[in-house]
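Chains, contacts and geometry: an overview
Below, each chain spelled out in residue letters.
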Amino acid sequence: MTDGPLQAPVIPPRPRPEPRKPSGREGPKAGSRPPFRLFGGFVRSLFMIAIIGVIAAGVAGYGLYRKLESDLPDYRWLADYQPQQMSRIYAGDSRLMAELAAERRVFVPIEAIPRRLQQAFISAEDQNFESHQGVDPIALARAIVTNVEQYGSGRRMVGASTITQQVAKNMLVGSDRTILRKAREALLAIRLENALPKPRILEIYLNEIFLGAQAYGVAAAAQAYFNKSLDELTISETAFLAALPKAPNNYNPLRYPEAARIRRDWVIDRMTEDRVITTAEASAAKAEPIQARPSRRPDMVAVGGHFTEEVRRELIQRFGQEQTQGGGLVVRTSLDPNLQAATEVALRNGLMAYDRRRGGWRGALGKSASGPTEWLPALEALPRPPGMLNEWRQAVVLEVRERDARLGWYERPNPRVPAEPRYGAVLLEDLAWARPVLPAQPGQPPRLGNAPRRVSEVLSVGDVVMVEPEPNRPVPAAATPRSAAPAGPRLERLALRQIPEVEGAVVALDPNTGRVLATSGGWSYERSQFNRATQAQRQPGSSFKPYVYLTALEAGIPPNQRFLDGPIEVSTAQGVWRPGNYGGSLSGGYVTMRSALERSLNLVTVRIAQQVGIDRVADTVARFGVIDNMPRYLSMSLGAGETTVLRQAAGYASFVNGGRRVEPTFIDSVQDQRGRVIWRSQARECAGCEAGPDGQPPRIAENRQQVADPIAAFQIVNLLQGAVQRGTGGRAGAGLNRPVAGKTGTTDDYKDNWFVGFTPDIVIAVWVGYDDPRSLGNGETGGSNAAPIFREVAAAALQGSPPVPFRAPPGVALVRITTDRGESILETFRPGTENSATAPTEGGGGSAAAARVDSGLGGLY
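Residues numbered from 1 in each chain as written. Predicted model: local features only at pLDDT ≥ 70, side-chain atom pairs only at ≥ 80, totals over all residues. Heavy atoms only, no water.

This next bit is on the overall build of the chain. Scanning the chain for helices and strands turns up 21 helices and 28 strands. When the 861 residues of the chain are sorted by exposure, 48% land in the buried category. In the chain, once contacts between residues fewer than 6 apart in sequence are set aside, the share between residues at least 24 apart is 72%. Here the chain displays about 42200 Å² of accessible surface, and carbon together with sulfur accounts for 52% of that area. (Helix = DSSP H or I, 4+ residues; strand = E, 2+ residues; numbered from the N terminus. Buried < 20%, exposed > 50% of the residue type's maximum accessible area, 1.4 Å probe, protein only. Contact = heavy atoms within 4.5 Å. Areas by Shrake-Rupley, 256 points an atom, 1.4 Å probe, with all protein chains shown as cover.)

Put into structure tokens, the structure is as follows:
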């Protein structure tokens, strides 16, 4: 063995195998990838894309969630939510006058909603309501499948909104049809479920859901469709209400009875499936027809439209539009419904009496078919004229003869039954008032022609007119039906009617409290919502004079002081003003204040205003609230200023109650929806009202403003009694058999007629005139037009009550005197002034208190 370096063994090369011949089963060529590796790469790519997509979708979804979350409205207020409720206005006798609401809704707490009704809505709208958390995945999946199957069929897509989602939509997110809205709705529904208990969610839903017929909520719907309370509903009626949320207008039982029945039966089947009712109950409910009985408001006051509107305006002024129409207010008013009805009738009678005397016949409403078979459908198609009284009818003239005309009209007691044709006659003897209207000068009353001598001068065949049936007046035998009416029907006597152009207003109030008991602002609230009693500014004429005389009495001038009833001239910047008495008459000497007021002498009134100063007169009417800022002109003493009927009534009320200011009120009290009194008209303090039965009688503090001396106020009352007993207001007290005081008023050119009068218990102010001031006609005075209306209203107000005297204040002196006409009366004096009348005075000539010529003569009579 020799020493030396080690060497690696030499390994011989492996022999290269011989190439094999192709056999038809060759593997892949050198350098190619196996098939499973290629497929695996594709799957890995798809997997990576899916992962990236999921991550992107997650990021996008989270971003969308954050955006939706930031845009979500606050839902926590629903925990204390109180829905809008109708406000109700009640008359003084607690009868319902009106309901104020943008939506007819009656809120009912969930405890008062019958369980069966709750289950009916759950079965129809959200069967899994008790178990889901705001969104129902099962219903959502079912809706998706159904919509896919019905795609392209034209059918409406099926929804899957839960009751909670519907609450979120109705109360929070709105009803726009977008995917984002649905997403917000679902997210809010989940949060609502976490924030509110299930009963509260269901309570909001059942009180907010719109169910057609202007009804929001189940209680309002039960009244609207069946005139029932919730606990009176049958299973069939309950199921019908639960069928409405899907499409209330499409299931109206009066318009679509078959669709309503099918939908109701479907709800009954769902209730049976949910074991809310038994199979027997379901069969009985399906056999029951849907008998809709639309509700009628209970015992609604049918009069007082202007009064109600005045109350509504005051509520909006005090509480705002939203609170007035949706705050569930209970409003107690001072309205006396019986007196209100009598007031409206009295005003209409007075306006019709004037119109028949001065208005003439202004023609038919229009023309219509008059054939035997054509007139009835043509007449039915005509609209009802606004302002036509309920007892009047539209009629068409069918035949005209010399002394009578035959007319046809119809009666329809029930709107669901066919109209019943009726026939009547208008006689020539009842048409004496229907004189033709001739052209007149602008601003002047119409000139009238002669009374008609034959019926054809008034009516012609085909005329459509207003008539009033008079069943208690027989038709003469000569006026028998001929070609116009078939044999058999009874011919009724008709009175031709037309709506007057002249307007008027009346206010009746309690002088001790200022509570307005009745008011009428015109012929008809339907024709004109403008309230002429509270909104129209008109010249009061001579009805303003008592304030001038009161100022003189407060200045110490006794009622037997004499003034010259003679011509007077007042220098003004525009010229010389020369007032005059009504008709230009003069007594030719000196008259007492009493006689001047009773006879409404303008010249004496101007002299009295000159003597006491027009500034003091202006202060008096401001204290009484009649005219706040009266111009300092002597013509104002004759009523040339402007005021309202309501203010005049309140001013005269201060005479009655001893000179204390009266604030007229229409509302007695207002309660919120929980019954708490939030406003009361009478703010007088009552000491001892909280004491028990053993305490002293309570004492009500008198905190009304004293605006006139009590003795002077009583003196004016006494003078105004004379104006009714011996003066221009004689028609006002005729037949009342009790003390009545008041004053007429007629303005320049007879444009305004007034009478404001009172008894110890009531004050009534009446105005008659045209909306666009124009003459009522020569000789048309407050004594002839307004005083009779006063008398009719007063008779209705005082019916059944014993007469009581006016209450005299302490210290007044009653002295028997002889009047200018030689009558013996008891005159009222302030103590110590019984003999203070000075020698007759002219009252001054020219005056520094200038009167404007352009204001004209304010008061005439």
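Now for helix H12 (residues 337-359). Spanning 23 residues, H12 covers 31 Å between terminal C-alpha atoms, matching the ideal 33 Å at 1.5 Å per step. Where H12 begins, the side chain of aspartate 336 points an oxygen toward the backbone nitrogen of asparagine 338, at a separation of 3.2 Å. Glycine 360, located one to two residues past H12, shows a positive phi value of around 70°. (Expected span 1.5 Å × (residues − 1). Polar contact = N/O pair within 3.5 Å; in protein donor to acceptor, adjacent residues only side chain to side chain.)

Here we come to the packing of helix H2 (residues 115-125) against helix H8 (residues 235-243). For the pair H2 and H8, the least separation of the axes is 9 Å and the interaxial angle reads 45°. As summarised for this structure, H2 and H8 are arranged oblique, according to the angle between their axes. Note that H2 runs across H8; the crossing there is right-handed. Contacts from Arg116, Leu117, Ala120, Phe121, Ala124 and Glu125 of H2 reach H8 at Ile235, Thr238, Leu241 and Ala242. The residue makeup of the contact of H2 with H8, split by class, is seven nonpolar, one polar and two charged. (Axes fitted to C-alpha atoms, helices over the stretch in contact; angles between N-to-C directions. Parallel < 35°, antiparallel > 145°, perpendicular 65-115°, else oblique. Left-handed = near helix turned anticlockwise from the far one by under 90°. Nonpolar A, V, L, I, M, F, W, Y, C, P; charged D, E, K, R; others polar.)

This part is about the nonpolar core. Side chains of nonpolar character tend, in soluble globular proteins, to be buried together. In this structure, Tyr549, Met630, Phe655 and Phe758 are the most contacted members of the largest nonpolar core, which totals 82 residues. Among the nonpolar cores identified, the runner-up in size contains 53 residues, and Tyr225, Leu230, Ile268 and Met271 belong to it. (Core = buried A, V, L, I, M, F, W, Y, C linked by side-chain atoms within 4.5 Å.)

This part is about the packing of aromatic side chains. Taken as a whole and assessed by the stated rule, the structure comprises 20 aromatic pairs. A centroid spacing of 6.1 Å and a plane angle of 85° characterise the contact between tyrosine 547 and tyrosine 652, whose relative ring orientation is edge-to-face. Here tyrosine 652 lies in helix H18 (residues 645-656) and tyrosine 547 lies in helix H14 (residues 545-554), a separation of 105 residues in the sequence. Taken together, the aromatic side chains of Phe544, Tyr547, Phe624, Tyr652, Phe655, Phe758 and Phe806 make up a single cluster linked through ring pairs. Against the face of phenylalanine 129 rests lysine 198, its NZ or CZ located 4.5 Å from the ring centre. In this arrangement the basic side chain of arginine 332 is found over the ring face of tyrosine 90, its NZ or CZ atom lying 4.9 Å from the centre. (Phe/Tyr/Trp six-rings, centres within 6.5 Å; stacked < 30°, edge-to-face > 60°. Lys NZ or Arg CZ within 6 Å of the ring centre and 35° of its normal.)

With that settled, the discussion passes to the confidence of the model for the chain. When pLDDT is averaged along the chain, the result is 86; 84% of the residues meet or exceed 70. Confidence over residues 1-6 falls short of pLDDT 50; this stretch has zero contacts with residues more than four positions distant or in other chains. The low-confidence segment residues 844-861, where pLDDT is below 50, has 74 contacts with residues more than four positions distant or belonging to other chains. (pLDDT = per-residue confidence, 0-100.)

Below, the discussion takes up the sheet that holds strand S15 (residues 516-520). With respect to topology, five strands assemble into an open sheet ordered S15-S14-S26-S25-S24, the strand pairing being antiparallel. Of all the strands in the sheet, the pair left with one neighbour each is S15 and strand S24 (741-746). The sheet shows a mean angle of 5° between the axes of neighbouring strands, direction not considered. Across seven bridges, strand S25 (residues 752-758) lies against strand S26 (residues 763-769) in antiparallel orientation. Looking at S26, one finds that tryptophan 754 is bridged to tryptophan 767. Its contacts with the sheet place helix H19 (residues 710-725) against S24 and S25, and it is angled at close to 65° to S24. (Pairing = 2+ DSSP bridges.)

According to the stated counting rule, one finds 54 salt bridges in the structure shown. Between aspartate 772 and arginine 774 there is a salt bridge, with its nearest N and O atoms 3.0 Å apart. Take arginine 774: its relative accessible area is 15%, and that puts it in the buried class. Here the salt bridges share partners, and the residues they tie into one network are Asp355, Arg362, Glu501, Asp772 and Arg774. (Salt bridge = Lys/Arg side-chain N within 4 Å of Asp/Glu carboxyl O.)

Position of leucine 496 among the secondary structure elements: in strand S13 (residues 491-497). On the basis of relative accessibility, which here comes to 3%, the residue leucine 496 falls in the buried class. For the pair formed by leucine 496 and alanine 434, sequence separation is 62 residues and the distance between their alpha carbons is 8.8 Å. Aside from chain neighbours lying at most four places away, what touches leucine 496 is Arg356, Trp361, Leu431, Trp433, Val458, Leu459, Val465, Met466 and Val467.

A few words on a nonpolar patch on the surface. Taken together, Phe47, Met48, Ile51, Ile55 and Val59 make up a surface patch of nonpolar side chains, about 500 Å² in accessible area. Among the structural elements, phenylalanine 47 can be located in helix H1 (residues 35-71). (Patch = residues over 30% accessible without salt bridge, like charges linked within 9 Å, V, L, I, M, F, W, Y side chains within 5 Å.)

All right, on to the sheet that holds strand S21 (residues 677-680) then. The strand order across the open sheet formed by five strands is S2-S1-S5-S20-S21, and the pairing between neighbours is mixed. The open sheet has two edge strands with one neighbour each: strand S2 (96-100) and S21. Averaged over all pairs of adjacent strands, the angle between their axes in this sheet comes to 15°, without regard to strand direction. Alignment of strand S1 (residues 87-90) against S2, held across four bridges, turns out to be antiparallel. Residue pairing in the sheet places arginine 88 in a bridge with glutamate 99 of S2. In the packing of helix H11 (residues 305-326) onto the sheet, the strands contacted are S1, S2, strand S5 (330-333), strand S20 (667-671) and S21, and the crossing angle to S2 comes to about 35°.

Another point: the pairing of strand S28 (residues 824-829). Of the strand pairs in this sheet, strand S27 (residues 813-818) and S28 are connected by six bridges, and their pairing is antiparallel. Considered in S28, the bridge of threonine 818 is made with serine 824. Connecting S27 to the next strand, S28, in antiparallel fashion are five residues, including glycine 822 with a positive phi near 85°.

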